[in-house]
Amino acid sequence: MGPGRTPATTRTPTRLSQGATTQGTIGESTPRPDGTLKATGEFAYSSDLWHEDMLWGCTLRSPHAHAEIRSIDVGEALAMPGVHTVMTYADLPAETHYGLEIRDQPVLAAGRVRYHGEAVAIVAADHPETARRAAARIKVEYAELPLVTDEATATEPGAPVLHPGRTDHHAGGAPHPNIVHRQPIRRGDVAAAKARADVVVRRDYQVGMQDQAFLGPESGLAVPAEDGGVDLYIATQWLHVDRDQLAPVLGLPADKIRLTLSGVGGAFGAREDLSMQAHACLLALRTGRPVKIVYNRYESFFGHVHRHPAKLSYEHGATRDGRLLYVQCRIVLDGGAYASSSPAVVGNAASLSIGPYAVDNVDIEALALYSNNPPCGAMRGFGAVQACFAYEAQMDAVAAELGLDPVEFRQRNAMEQGTALPTGQRVDSPAPVAELLRRVKERPLPPQRPWAASDGSVDVRALPGGLSNTSHGEGVARGVGYAVGIKNVGFSEGFDDYSTARVRLEVLGGEPVAWVHTAMAEVGQGGVTVHTQIARTELGVAQVVLHPADTQVGSAGSTSASRQTYMTGGAIKHTCEAVREEVFRRGRERFGADHPGWSGAELLLAGGKVVTGAGEVIGDLAEILGEDAIDIEKEFRHRPTEPFHPQTGQGFGHVQYSFCAHRAVVDVDTELGLVKVVELAAAQDVGKALNPLSVVGQIQGGTTQGLGLAVMEEILVSDGARVRNPSFTDYLIPTILDTPSIPVEVLELADDHAPYGLRGVGEAPTLSSTPAVVAAIRAATGLRLGRVPVRPEHLTET
């Protein structure tokens, strides 16, 4: 067992120190190497890319949500000085559509547009302002078409079919071309359970459309190559899937398209789909010049997918002593104009729809619709966020009907290791749901009336409304709320989820150095620290260098689904083990198997030396390697999953689960409807904290995004399916003044199926923070509040 490692079978919950150290092996808090550069503004993002002879690209977008394109006239734009080319659908050289799961999205609108902001034409010019002016001079004649905006307009007789001739992706129920995907889950006997229920609670819920709101807009630089291919420098979440979608669109073999990751200013799911990648490459290949595209903030709101808005109907039945008997629910997700990752989001929403509770009888249906609203796809939490808001509100409502404490009611029904999920899959690793709830409940509460100073003065900064000075404490009520959630980790439903790592060990200047090369997209999650920590731990060398992420190594999969530490970290560990074995093989070859120590079964690498399990040094890496490096590339896969059954939803669909609980404390100005979140405490099981500093940061970050959904974040769409607030002036996200104290308690209950026993961390806190905040607001106001975000008018009932 290498230095810094702990057994994967550890079961004792522990509290982790949040202090940072500079060591950098597994289990130590290691600061990010890019942290200071980002804080000081010196970090190079993709929007900072530059090439001496580059052109600037710009996109013309539709002002309509659904319209026929009658004609496009690019003559005036082409005639402008400095304009090099204008391209429309008619100029595309090969395949015209792309898509993550279903190839239904046009590179440039073909014949009609299906959402407000859809790309219609692209321009390349020698100055960004010239490109923008040229795009404005393209004349497009539109004829508006009837809109599909919700389930009623999508499925009513005679509804416009948004994608005629598409391949159906229905799992059950009556097929309809405007349904992207449907997943039922049925288990047990709901009818019989209903007959035994003492309490039944039925309610409807809504979740608004949330934006990922990353700070670095979509940007990249495409450079045509001498071999007829193209080099694309891009901020993305999955280099290889970008390349595989680009190849048919550009009419090039995949090996002629080389992608290199550039600095990413946040992602949260919005960079899984293509945005400007194809446009930049098409313009570069057409002009023979490098082309850079950078979206402004307004365009960014149209250039990526968002979180699916949802309508959810739930019915819970329970016995008088507080045992859940059955759950029925229906979840309708608005997928917008194109499929993106909606089928997978539906699978998550359905399979995780009742939460981390043991319920034998379920009747679940989840579906995603095509509409003329903005396209929706991946966002942190991926379908589980919408469900968690509804099922946690239900748990509070049922507890109230039974006269039970809401935490106690959750604990009575909490799943544990061995519990069967609605899909029939049993949770085969620790599921400390009751323990997480206990920990957040037992934390000391923050002081009442924090705005009242001992001298009788009032600190308005601590009041709802803050420096707006709307109140001095009159009409302010305190509320406390709880929530807990369950989130899958990694890709599911039979997807071939793997990651690749290349590790090179050599001696430079007399010192052993390990080079780690993966295609992992570092989007802020912390792989740049964890991956070096794994290599240091496994190879026992101090110097570890990360190669820039590109497509010259095998795929690392997407930086999403909380999977990169598990999957690419697992690939690095797996490859390092192979490198270590090669070191031992060479050592035995050099020194002879009968040399003392080399015949032992347990050898380790530490401090650039080969040591026995007893710590005896028997070889030096520099002497063993000499001038011959070890260079190995290997793939790593988690245990296989399977698709959910199309009618019953049964199946081993997910590889791992993570759990997080929150307690929210809020102060509410009940007269003005203003909310101040005072504290948002979290407890989460992470299996093994490879970098405790990064783990706490991820939990706090996810918690803050959930807070945003609870009280402020929503893309507003008009009756004409037009986006009304595409700016950070009107789309509000939490700032440092809105973010409360977020104390974090971390448990380490190892999952024996995962590398180091770890669990994915980043998504789970985004689930339970939203319903915890809303539960606290309910407690302060006595209102039902079945929709997020909660707005002032919901609290004043005006």
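Refer to the structure above for everything that follows.
What counts, and at which threshold
- Residues numbered from 1 in each chain as written.
- Predicted model: local features only at pLDDT ≥ 70, side-chain atom pairs only at ≥ 80, totals over all residues.
- Heavy atoms only, no water.
- Axes fitted to C-alpha atoms, helices over the stretch in contact; angles between N-to-C directions.
- Helix = DSSP H or I, 4+ residues; strand = E, 2+ residues; numbered from the N terminus.
- Parallel < 35°, antiparallel > 145°, perpendicular 65-115°, else oblique.
- Left-handed = near helix turned anticlockwise from the far one by under 90°.
- Contact = heavy atoms within 4.5 Å.
- Nonpolar A, V, L, I, M, F, W, Y, C, P; charged D, E, K, R; others polar.
- Pairing = 2+ DSSP bridges.
- Core = buried A, V, L, I, M, F, W, Y, C linked by side-chain atoms within 4.5 Å.
- Buried < 20%, exposed > 50% of the residue type's maximum accessible area, 1.4 Å probe, protein only.
- 1 Å grid on protein atoms, 1.4 Å probe; cavity = no way out; pocket = protein on both sides within 12 Å on 5 of 7 lines; lining within 4 Å.
- Points joined across faces, edges and corners; volume = space filled by probe spheres on them.

Asks: How should the packing of helix 16 (residues 692–711) against helix 17 (residues 764–781) be read in this particular structure?
Replies: Packed helices, taken two at a time, are described by their axes: the angle between them and the distance between them. At a minimum axis distance of 7 Å, the contact between helix 16 and helix 17 shows a crossing angle of 45°. When the interaxial angle is binned, helix 16 and helix 17 end up oblique. Here helix 16 runs over helix 17; the crossing is right-handed. Counted together, Gln698, Ile699, Gly702, Thr703, Gln705, Gly706, Leu707, Leu709, Ala710 and Val711 of helix 16 and Pro765, Thr766, Ser769, Thr770, Val773, Val774 and Ile777 of helix 17 form the full contact between these two elements. Partitioning the contact of helix 16 with helix 17 into residue classes produces 9 nonpolar, 8 polar and no charged.

Asks: Can you help me understand the sheet that holds strand 3 (residues 83–87) in this one?
Replies: Within a beta sheet, neighbouring strands are joined by backbone hydrogen bonds and run either parallel or antiparallel to one another. Taken in spatial order, the 7 strands of this open sheet run 3-7-1-14-11-12-13, and their pairing is mixed. Looking at which strands have only one partner, the edges of the open sheet turn out to be strand 3 and strand 13 (257–261). Taking each pair of neighbouring strands and ignoring which way they run, the sheet shows an average axis angle of 20°. Bridge count between strand 3 and strand 7 (residues 119–125): 4 bridges; the pairing is antiparallel. Its bridge partner being in strand 7, methionine 87 is matched across the sheet by isoleucine 122. Across the sheet, helix 3 (residues 128–136) is in contact with strand 1 (55–61), strand 3 and strand 7; its angle to strand 1 comes to roughly 25°. Its contacts with the sheet put helix 6 (residues 239–250) on strand 12 (230–234) and strand 13, and the angle it makes with strand 13 is roughly 150°.

Asks: I'm lost on the nonpolar core in this one. Help?
Replies: Inside soluble globular proteins, nonpolar side chains tend to come together where they are buried. By size, the foremost hydrophobic cluster in this structure holds 97 residues, and its most contacted members are Tyr314, Ile331 and Val773. Looking at this core element by element, the count peaks at 13 residues for helix 10 (residues 384–402). The residues contacting valine 773, other than those within four sequence positions of it, are Ala664, Val666, Val677, Leu680, Leu707, Ala710 and Val711.

Asks: Sorry, what's going on with empty space enclosed by the protein here?
Replies: Where empty space is left can be seen by rolling a probe of water-molecule size over the atoms. Scanning the model with the defined rule gives 3 cavities of 30 Å³ or more in all. Considering only enclosed or pocket space, the largest cavity measures out at about 200 Å³ in volume. What lines the largest cavity is a set of 19 residues, and nearest its centre among them are Tyr98, Gln105, Tyr115, Leu274 and Gly303. Elements represented by at least two residues in the lining of the largest cavity include exactly strand 5 (105–106) and helix 8 (297–303). Of the residues contributing to the lining of the largest cavity, the split by class is 11 nonpolar, 5 polar and 3 charged.

Asks: Explain the sheet that holds strand 18 (residues 476–489) here, please?
Replies: Ordered in space as 18-26-27-28, the 4 strands form an open sheet in which the pairing is mixed. Looking along the sheet, the strands with just one partner apiece sit at the ends: strand 18 and strand 28 (744–747). Adjacent strand axes in the sheet meet at a mean angle of 20° when their direction is disregarded. Alignment of strand 18 against strand 26 (residues 656–669), held across 14 bridges, turns out to be antiparallel. Bridging from a neighbouring strand, alanine 477 pairs with valine 668 of strand 26. Strand contacts of helix 16: strand 26, strand 27 (674–685) and strand 28, with the helix running at about 140° to strand 27, the strand carrying the most contacts.

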